[in-house]
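Given next are the chains, with one letter for each unit.
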Amino acid sequence: NGKTALSSSESNNNITVADASNGAKSARERNEREQMRAKKITQLIHELRTNMQNGGWKQEMKSKYQTLSQCKDYMDYLKKLHKDKEADIEFTKKLIEEKALFEARSDPESIPESVTSTLTASTVRCNSPESISDKD
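This one's a predicted model, so the numbers in the text were calculated from it and none came from an experiment.

> Just checking my understanding: could you explain the packing of aromatic side chains for this structure?
A ring pair, where both rings are aromatic, is described by two values, the distance of the centres and the angle of the planes. Applying the stated criterion across every chain yields a total of 3 aromatic pairs. When the ring of Trp57 is compared with that of Tyr74, the centres are 5.6 Å apart and the planes differ by 80°; the resulting orientation is edge-to-face. Taken as a pair, Trp57 in the loop between helix 1 (8-54) and helix 2 (64-69) and Tyr74 in helix 3 (residues 71-106) lie far apart in primary sequence, 17 residues in all. Residue Trp57 is classed as buried on the basis of its relative accessible area of 12%. Here the aromatic residues Trp57, Tyr74 and Tyr77 are joined through ring pairs into a cluster of three or more.

> Before we go on, may I ask you to explain the pattern of salt bridges in this structure?
Side-chain pairs of opposite charge can arise whenever the charged atoms involved come near each other. Scanning the model with the defined rule gives 6 salt bridges in all. Among the salt bridges present, the one from Glu103 reaches Lys99, with a minimum N-O distance of 3.9 Å. Here Glu103 pairs with Lys99, and both are found in helix 3, just 4 residues apart, close to one helical turn. A relative accessible area of 41% places Glu103 in the partly exposed class.

> Explain a nonpolar patch on the surface to me, please; I cannot follow it from the model alone.
A cluster of nonpolar residues, Met75, Leu78 and Leu81, forms a patch on the protein surface that exposes about 220 Å² of accessible area. Residue placement: Leu81 occurs in helix 3.

> When you look at the side chain of Gln70 in this model, what are you seeing that I'm missing?
By the secondary structure assignment, Gln70 is in the loop between helix 2 and helix 3. Reaching out from Gln70, the side chain makes a polar contact with the side chain of Trp57 at a distance of 2.7 Å. Within the structure, the side chain of Gln70 is placed 2.9 Å from the backbone oxygen of Glu60, a separation counted as a polar contact.

> What is the right way to look at the confidence of the model for the protein in this model?
Regions with low pLDDT should not have their predicted coordinates read in detail. Averaged over all residues, the pLDDT of the protein equals 78, while 63% of them reach at least 70. Within the model, pLDDT remains below 50 along residues 131-136, and this stretch shows 3 contacts once partners closer than five positions in the same chain are excluded.

Reading the values: the criteria
- Residues numbered from 1 in each chain as written.
- Predicted model: local features only at pLDDT ≥ 70, side-chain atom pairs only at ≥ 80, totals over all residues.
- Heavy atoms only, no water.
- Phe/Tyr/Trp six-rings, centres within 6.5 Å; stacked < 30°, edge-to-face > 60°.
- Helix = DSSP H or I, 4+ residues; strand = E, 2+ residues; numbered from the N terminus.
- Buried < 20%, exposed > 50% of the residue type's maximum accessible area, 1.4 Å probe, protein only.
- Salt bridge = Lys/Arg side-chain N within 4 Å of Asp/Glu carboxyl O.
- Patch = residues over 30% accessible without salt bridge, like charges linked within 9 Å, V, L, I, M, F, W, Y side chains within 5 Å.
- Areas by Shrake-Rupley, 256 points an atom, 1.4 Å probe, with all protein chains shown as cover.
- Polar contact = N/O pair within 3.5 Å; in protein donor to acceptor, adjacent residues only side chain to side chain.
- pLDDT = per-residue confidence, 0-100.
- Contact = heavy atoms within 4.5 Å.

Here it is in structure tokens:
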């Protein structure tokens, strides 16, 4: 009938070749995935270094190790910077409030009517011609 049966050794050889081919393919795929992962890590470390430098960090970071090892110090730097800016904002708010209070005290329209009438009467007496002649 023209068909020949494979001997058991020939059959085992074919399976071994197929397994080796699949093994090489899966190893190559794993290698490619690892290379992509390593490239992504390198890219992220480069972005981190750039962001740190743009954020005011002046320490030297030539290697990936230096960049990663300085992250905690950089975070502490950012926390302090944030705290200082919050303190500046609070100080500025306090100055604005004090200025508003001072302006309210010096603005006659903001002072109650009873106080302004007393001040006006007092001012009229001090600036009247009789009070000026009394001083001479």
